[in-house]
Amino acid sequence: MRNVQDTLESTQGSLQHNQSQLQNRDQQVSDQTKYIRLLEEYLRLANAQKFGASSEKLAYQISLFDEAELAVALDELEDQLPDEDLLKPRVVKTRRRGFSPDLKRIRIELLLSQQERMGAQSTFFTKTKEELEYIPAKLHVLEYWQEKAVFSQEDGSDKLVAAQRPNHPLGKCFASLSLLAYIIVAKYADGMPLYRLESIIKRSGAELNRSTMAQWIIRLDLVFKPLLERIRTLQNSGDYLQADETRLQVLKEPGKTAQSDKWMWVIRGGPPGKPSVLFDYDPSRAGAVAERLLDGFSGVLQADGYSGYSQVYKKDTVTRIGCMDHARRKFIEAIKAAEPAKGEKRKGQPSEADVALSKIRQLYRIETGIKDQDNHQRYNTRQALAVPILESLKIWLEKNIGKVLKGSHTFKAMQYMLNQWPYLVDYCADGKLNISNALAENAIRPFAIGRKAWLFADTPHGARASATCYSLIETAKANGIDPYAYIKYILDRIADADTPEKLDALLPWNTPLARIK
């Protein structure tokens, strides 16, 4: 009997041990399955980023995103508002006929022959078509001939008087001011590498080495520096700034390898009616850089969730708000990471990322409708329309974040949004604020596009000179001025700008240059 009992106990122990092993293996399989799902997500997203379109528009739209349904929902909310605070109706864009009236017109008359005109009571002309003509740029050599006069002195000596020579910002330089302006705009506004400019100029009949052009740009950095310092001071006197930063490869940065990350910072904003966009190169992304660039600033700073701005936010005079674009982008990445293979149909209900993105898109639909309203109207409309959507979105995020796989792109997107929530919703507190950091990102986009063409900067001097040129070009664009016209205007006058008043006259909002329509 004793042996039977020992056998039963041994069997039970063996069963418990086997059951425990099975449970451990089940857990291992479950963990491995989750890990595989995460790896599949990362692989799909990597493939989409490498081979797919860079647009944030998705390849498909489900009924959840239907613009008509959104419009109906917004119309129902608008019924609660006074007439003066309603969303303005969408303006239907019509196709523009003809070319700008500002372009020079050259009349070409198509004449009847004498035989065709014979016996006619009268003749007249009708315009039948317009053609846009392009005249390629031409190179000329400007020869400066200086008049000189010789005067006889009482002591029998001669006195020589020469006509005054115009000051050139680079002193002895064989490049005209128009050529310098063209090189800057072609490289930094149009993303043209200097080696391509070298070949273009050569086709026009002149030899101009790319290293010579690079040296001109670097030397102009010192010329433009006083003007940029003045713009920085005025920018920080405003009460609303947007900041962003992006990577830049600089080959010969002391103490750093060529492959290590260096950074181009950009800050946009300034006093009302005086917007500026300032780039600044720094090998570091540390918070000390943000403190240096924002020295003396008091007001609202809008940026993403990067911790480098934390020291600036600690100041009592600076208020932090976030960027909804960054939150939206994370959900778009989550959707792309979960997209089915090419040719396969999507199955099942909308995912959590789909639902979150649909709610965020409602917020942007509101912003589209109020973009032409004044600050007071924008504030009232947001309080009536956007705030309820935001409150609903937060409740939904808190309720559903536990239902998604930890570590997945959807989980990270939801977690990011909840962590940043107080800063993401603060744009509703003031009508002058924007839902996102898009203006700063749009300003930095030409730099990112140009970087794909010229790839890197050789030295820190070159990187700083690039930052200066981008600052002047993007500031001109922010004020509606043609970049070439503004750069040329500065170059024509900056050599003689030896007083603060003359320097202020070069600020874009103080120039008589025509605004682009």
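Quick notes on the rules
Residues numbered from 1 in each chain as written. Predicted model: local features only at pLDDT ≥ 70, side-chain atom pairs only at ≥ 80, totals over all residues. Heavy atoms only, no water. Pairing = 2+ DSSP bridges. Helix = DSSP H or I, 4+ residues; strand = E, 2+ residues; numbered from the N terminus. Axes fitted to C-alpha atoms, helices over the stretch in contact; angles between N-to-C directions. Contact = heavy atoms within 4.5 Å. Patch = residues over 30% accessible without salt bridge, like charges linked within 9 Å, V, L, I, M, F, W, Y side chains within 5 Å. Areas by Shrake-Rupley, 256 points an atom, 1.4 Å probe, with all protein chains shown as cover. Salt bridge = Lys/Arg side-chain N within 4 Å of Asp/Glu carboxyl O. Buried < 20%, exposed > 50% of the residue type's maximum accessible area, 1.4 Å probe, protein only. Polar contact = N/O pair within 3.5 Å; in protein donor to acceptor, adjacent residues only side chain to side chain. Phe/Tyr/Trp six-rings, centres within 6.5 Å; stacked < 30°, edge-to-face > 60°. Parallel < 35°, antiparallel > 145°, perpendicular 65-115°, else oblique. Left-handed = near helix turned anticlockwise from the far one by under 90°. Nonpolar A, V, L, I, M, F, W, Y, C, P; charged D, E, K, R; others polar. Core = buried A, V, L, I, M, F, W, Y, C linked by side-chain atoms within 4.5 Å. pLDDT = per-residue confidence, 0-100.

A. Region of interest: the sheet that holds strand S4 (residues 262-269). Taken together, the five strands give an open sheet; going across it, the order is S5-S4-S3-S6-S7, and neighbouring strands pair in mixed fashion. Of all the strands in the sheet, the pair left with one neighbour each is strand S5 (276-282) and strand S7 (318-321). Taken pair by pair, the neighbouring strands of this sheet meet at an average axis angle of 25°, ignoring direction. Bridging between strand S3 (residues 240-248) and S4 involves eight bridges; their strand directions are antiparallel. Paired with Asp 244 across the two strands is Val 266, which belongs to S4. Across the face of the sheet, helix H6 (residues 210-236) comes into contact with S3, S4 and S5 while running at roughly 115° to S5. The strands that helix H15 (residues 460-478) touches are S3, S4 and S5; relative to S5, the one it contacts most, it runs at about 170°.

B. Quick look at a nonpolar patch on the surface. A surface patch of nonpolar side chains, about 290 Å² in accessible area, is lined by Phe 99, Leu 103 and Leu 132. Relative to the helices and strands, Leu 103 is located in the loop between helix H2 (67-78) and helix H3 (114-117). The partly exposed category is assigned to Leu 103, whose relative accessible area is 41%.

C. Representation of the environment of Lys 262. Structurally, Lys 262 can be placed in strand S4. With relative accessibility at 0%, the residue Lys 262 sits in the buried group. Sequence separation between Lys 262 and Pro 283 is 21 residues, and the spatial gap between their C-alpha atoms is 4.3 Å. Contacts of Lys 262, omitting those with residues within four sequence positions, involve Thr 246, Arg 247, Leu 248, Val 250, Glu 253, Lys 256, Thr 257, Tyr 281, Asp 282 and Pro 283. Here the side chain of Lys 262 touches Val 250 through a polar contact of 3.0 Å, landing on its backbone oxygen. A polar contact is formed between the side chain of Lys 262 and the backbone oxygen of Ser 260, at a distance of 3.1 Å.

D. The packing of aromatic side chains, seen in detail. A complete count under the given rule lists five aromatic pairs for this structure. Measuring from ring centre to ring centre gives 5.9 Å for Trp 265 and Tyr 309, while their planes differ by 75°; the resulting arrangement is edge-to-face. Of the two residues, Trp 265 sits in strand S4 while Tyr 309 sits in the loop between strand S6 (299-302) and helix H8 (310-313), which places them 44 residues apart along the sequence. Tyr 309 carries the same exposure label as Trp 265, and that label is buried. Taken together, the ring pairs in this structure connect Tyr 188, Phe 279 and Tyr 470 into an aromatic cluster.

E. Focus on the packing of H15 against helix H16 (residues 483-493). Between H15 and H16, whose axes approach to 9 Å, the crossing angle comes to 120°. One way to sum up the angle between H15 and H16 is to call them oblique. As for how H15 packs across H16, the hand of that crossing is right-handed. Together, Leu 472, Ile 473, Ala 476 and Lys 477 of H15 and Pro 483, Tyr 486, Ile 487 and Ile 490 of H16 make up the contact between the two elements. Here the contact of H15 with H16 is built from residues that sort into seven nonpolar, no polar and one charged.

F. Inspection of the nonpolar core at higher detail. Ranked by internal contacts, the top residues of the largest apolar core, which has 58 residues, are Ile 183, Trp 216, Phe 224, Leu 227 and Phe 279. Of all the secondary-structure elements, those providing two or more residues to this core are helix H4 (177-188), helix H5 (194-203), H6, S4, S5, helix H14 (438-454), H15 and H16. The biggest single contributor to this core is H6, with 10 residues. The contacts of Trp 216, once residues within four sequence positions are left out, are Leu 170, Cys 173, Phe 174, Ala 175, Leu 179, Leu 180, Ile 183 and Leu 208. Grouped together as the second largest cluster of nonpolar side chains are 38 residues, Val 300, Ile 332, Tyr 364 and Tyr 427 included.

G. Expanded view of the packing of H6 against H16. Two elements in contact, H6 and H16, have axes whose closest approach is 12 Å; the angle formed by their N-to-C orientations is 90°. One finds that H6 runs roughly perpendicular with respect to H16. Taking contact as the criterion, the partners of Leu 220, Phe 224 and Leu 227 in H6 are, on H16, Tyr 486, Ile 490 and Leu 491. Split by residue class, the contact of H6 with H16 holds six nonpolar, no polar and no charged.

H. Examining the confidence of the model for the chain more closely. In this model, the chain carries an average pLDDT of 82, and 80% of its residues clear a pLDDT of 70 or more. Residue range residues 59-70 is modelled with pLDDT below 50. Its contacts to residues more than four positions away, or to other chains, number 21 contacts. Under a pLDDT of 50 for its full length, residues 83-91 has, in the predicted model, 20 contacts with residues more than four places off or in other chains.

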